[in-house]
Amino acid sequence: MNLIIESDWKNYLSSEFEQSYFKKLLALLEKQKAENTVIYPASELVFNAFEKCRYDTLKVIIVGQDPYHNPNEAMGMSFSVPKHIRIPPSLLNIFKEIKTQYGFELPKHGDLTSWAQQGVLLLNSVLTVEKNKPSSHRNLGWEIFSDHVIQYISESKEHLVFLLWGNAAKAKKTQIDISKHLILECAHPSPLARGAFFGNNHFILCNEFLKNKNLNEIDWQII
């Protein structure tokens, strides 16, 4: 697998790749590829969240579940899709909540790269998936990896905001030092949550926290 990682994450993540659980995970992925199993995202995009959001700019972490499993959707960042792809229902609900809070018009696309470039780490709990098989790579080792990443940034940083939407994301709470960071929890934005995501006010609360810590707020508007 082609591991592309922004340089200021590399010292930590490279050591994680040497762990036995990760070597087993990598071997399983390579075996599936050898069997012509289609895996998303493309190998060069698996760590795209780290490439687009530099460690030294990190302010916000949005934890997702696993990548989109339909062709051409997954781009290695939770909830984000390339500009030419139809906006998925969960992301559309995120945009609707932002519109409620800020009045922004709904975006024409779902590429969240502009968030990542401002310091938002769009981290899935599980970083790969088989084509048309949601949650197919659960319990292969990715959950350990994302746990370790969250624990690492919780310990090494301060004044971060963690947005935990849905049970998979909320399970990461145990890795976060609540004395240093803000945790905002609510239901998953999926339509399956029957609207429980709406009204959370997370985007405003996140920016209020950053402002109070003399940090630049996130511009949530997608152009």
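All values reported here derive from a predicted model rather than from experimental measurement. (Residues numbered from 1 in each chain as written. Predicted model: local features only at pLDDT ≥ 70, side-chain atom pairs only at ≥ 80, totals over all residues. Heavy atoms only, no water.)

## Examining the packing of aromatic side chains
Part 1: The tally for this structure, following the rule as stated, stands at 23 aromatic pairs.
Part 2: Note on Phe47 and Trp142: the rings are 6.0 Å apart at their centroids and 65° apart in plane angle, and the pair reads as edge-to-face. On the criterion of sequence distance, the pair formed by Phe47 in the loop between strand 1 (39-40) and helix 3 (48-52) and Trp142 in helix 6 (residues 142-156) is long-range, its members being 95 residues apart. In this pair, the class of Phe47 matches that of Trp142, namely buried.
Part 3: Ring centres of Trp165 and Phe197 lie 5.1 Å apart, and the angle between their planes is 80°; this geometry places the pair in the edge-to-face category. Of the two residues, Trp165 is situated in strand 5 (residues 161-165) and Phe197 in the loop between strand 6 (182-186) and helix 8 (202-212); the sequence distance between them amounts to 32 residues.
Part 4: Owing to a relative accessible area of 1%, Trp165 belongs among the buried residues under this scheme.
Part 5: Given a relative accessible area of 1%, Phe197 falls into the buried group.
Part 6: The structure contains a cluster of three or more aromatic residues connected by ring pairs, namely Trp9, Tyr12, Phe17, Tyr21, Phe22, Phe47, Phe50, Tyr55, Trp142, Phe145 and Tyr152. (Phe/Tyr/Trp six-rings, centres within 6.5 Å; stacked < 30°, edge-to-face > 60°. Helix = DSSP H or I, 4+ residues; strand = E, 2+ residues; numbered from the N terminus. Buried < 20%, exposed > 50% of the residue type's maximum accessible area, 1.4 Å probe, protein only.)

## Some points on the pattern of salt bridges
Two side chains bearing opposite charge may form a pair once their charged atoms approach each other closely.
Part 1: Taken as a whole, this structure holds six salt bridges when the rule is applied.
Part 2: Here Glu18 ties to Lys23 by a salt bridge, and the two come within 3.8 Å at their closest N and O atoms.
Part 3: Take Lys23: its relative accessible area is 47%, and that puts it in the partly exposed class. (Salt bridge = Lys/Arg side-chain N within 4 Å of Asp/Glu carboxyl O.)

## As for the sheet that holds strand 5
Part 1: Taken in spatial order, the four strands line up as 3-2-5-6 in an open sheet, and their pairing is parallel. Because the sheet does not close on itself, it has two edges, and the strands there are strand 3 (120-124) and strand 6. Looking at each pair of strands side by side, their axes are set apart by 15° on average, direction ignored.
Part 2: Of the pairings in the sheet, the one linking strand 2 (residues 60-64) to strand 3 comprises five bridges and is parallel in character. Bridge pairing in strand 3 places Ile61 opposite Leu121.
Part 3: Contacts between helix 6 and the sheet are confined to strand 2, strand 3 and strand 5, with strand 3 contributing the most and set at about 155° to the helix. (Pairing = 2+ DSSP bridges. Axes fitted to C-alpha atoms, helices over the stretch in contact; angles between N-to-C directions. Contact = heavy atoms within 4.5 Å.)

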